[in-house]
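Structure assessment
The primary structure of each chain is shown beneath.
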Amino acid sequence: MASEVSQEVPSTENKVVEESETVASAVTTEGGASDKPTENVEAATDNAQEKSVEDTKKDSENATLTNNKSEPAPKFCVHKTNFEKDVIYLYQFSRTPLLPSLSPYCLKVETWLRLAGLKYENVDHKMRFRSKKGQLPFIELNGEEIADSAIIIKELSARYEKNLDAGLTSEQRNVSYAMIAMLENHLIWIIFYWRAKYPDNVLKGYKVNLQHALGLRLPNSILNFFFKITFGRKGTKKLKAHGIGVHSAEEIEEFGKNDLKVLSEMLDCKPFFFGDEPTTLDVVAFAVLSQLHYLSKDITYPLRDFMTEKCPNLVGHVSRMKEKCFPDWDEICTKLDLNAHIPKPEPENKEGKEGELEKSNEQDTEADKIEKELEKDKSNEKEIAEENKEKEEAK
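This write-up is about the structure you can find in this document. (Residues numbered from 1 in each chain as written. Predicted model: local features only at pLDDT ≥ 70, side-chain atom pairs only at ≥ 80, totals over all residues. Heavy atoms only, no water.)

**Brief notes about the overall build of the protein chain**
In terms of regular secondary structure, the protein chain is built from 14 helices and four strands. Counting only contacts in the protein chain whose residues sit at least 6 apart along the sequence, the fraction spanning at least 24 positions is 73%. (Helix = DSSP H or I, 4+ residues; strand = E, 2+ residues; numbered from the N terminus. Contact = heavy atoms within 4.5 Å.)

Written as structure tokens, this is what we have:
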């Protein structure tokens, strides 16, 4: 836009010069007969300058109009193109009958969103999409993608001023940071080790229906077969790359028990880790410990049994966070509804029943009218009969 305007401005200046020169020459020719030639010249140049300013304004306005017309509508590189302003669209794993999400990172983000009271909506993508970083979860907000659970919470906390750790001291924040690092970079990987080693127990322990989770028509027997092969193979590679996978099963189990002991001792008898209100540490701990606690009792898992028997305060913490953040937990796990928190419109059946009631009421009123008319006719007949009797007696 600036280049277009700058190209047009010199032409108007040239017009000013040309017009001023012609006016000046005309004035000088007329000035031979005039007593005040200089005044006429000044007046003429003033008029020319005013005209040039008007031309410049018109040219700049025309340039801005052409630019506005040429600028295309903004394009958003997001999956949800018909998004609503300021609504957070969350992409995560599908629901299971025992747990809202098999990913502690996805459950962490959704729990934080509920605690923060932000308006969000889960996108039912059947696990087809990943972020530009290749991760789940990720969110889309006003046409922008934000990936990684920690970055999501950090960005949303800053934008909406929803810092769950605002009341913590600097020392408490340092402790929280260290404990979250232990949970996400150590205890989670111990749970992942068990899942990669026993993929069949993952499907049975969380009652996963891959056909529903992936939105495919293939039989579950085939989907389960491929899941066991790919999940176990990929998981083993990741565990070795992380470093936890080089240890023996007994050593890894001991690592997990030590992590649970530290968490249990820190929580002690408090409802939440830093007092009466949950913080980010409570969110992360709930998201990770839920993966242990809500595993089906039909599946044996020593680490889950250790938490239940030796760390009952952690079990109580999970239950408190569930009640506080997921009052619709049962509905989520029963109906596998991604958006049970969003009010649903009233079903059409109710409207039909109301219509039937109205019709029945109308029918009742019509019947009442008919009965009243019949009663009137009967009373009229009685009156006529009595009159006829009186006439006969008079004769």
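We are not done yet, so read on.
**What about the packing of aromatic side chains?**
Summed over all chains, the structure comprises eleven aromatic pairs. Grouping aromatic residues by their ring pairs yields a cluster made of Phe-286, Tyr-294, Phe-326 and Trp-329. (Phe/Tyr/Trp six-rings, centres within 6.5 Å; stacked < 30°, edge-to-face > 60°.)

**Regarding the sheet that holds strand β4 (residues 144–147)**
Sheet architecture is open: four strands sit in the order β2-β1-β3-β4, paired in mixed fashion. Each having just a single partner strand, β2 (120–122) and β4 make up the two edges of the open sheet. Looking at each pair of strands side by side, their axes are set apart by 25° on average, direction ignored. Examined bridge by bridge, strand β1 (residues 88–91) and strand β3 (residues 138–141) share four bridges and lie antiparallel to one another. Residue pairing across strands places Ile-88 opposite Leu-141, the latter belonging to β3. (Pairing = 2+ DSSP bridges. Axes fitted to C-alpha atoms, helices over the stretch in contact; angles between N-to-C directions.)

**Considering the pairing of β1**
Residues in a regular strand project their side chains so that they alternate between the two faces of the sheet. Judged by which residues are buried, β1 turns out to be covered on both faces: Ile-88 and Leu-90 on one side and Tyr-89 and Tyr-91 on the other are all buried. Pairing of β1 with β2 involves three bridges; the strand directions are parallel. Paired with Tyr-89 across the bridge in β2 is Glu-121. On the question of chirality, the crossover connecting β1 to the parallel β2 by way of helix α3 (residues 104–116) is right-handed. (Buried < 20%, exposed > 50% of the residue type's maximum accessible area, 1.4 Å probe, protein only. Right-handed = clockwise from strand over helix to strand, strands pointing away.)

**So, unusual backbone geometry**
Note: most residues except glycine have negative phi, and most peptide bonds are trans. Following Leu-136, the chain continues into Pro-137 via a peptide bond in cis, with omega recorded as 5°. Within the secondary structure, Pro-137 sits in the loop between β2 and β3. Residues other than glycine seldom take positive phi values, yet Lys-207 does so here, at roughly 55°. Note on placement: Lys-207 falls in the loop between α6 (199–205) and α7 (210–214). Looking at Lys-207, the relative accessible area reads 46%, which means it is partly exposed.

**Points about the packing of α3 against helix α5 (residues 170–197)**
As a packed pair, α3 and α5 sit with axes 12 Å apart at the nearest point and diverge in direction by 125°. When the axis of α3 is compared with that of α5, the two are oblique. The residues of α5 that touch α3, namely those facing Pro-104, Tyr-105 and Lys-108, are Glu-184, Ile-188 and Phe-192. (Parallel < 35°, antiparallel > 145°, perpendicular 65-115°, else oblique.)

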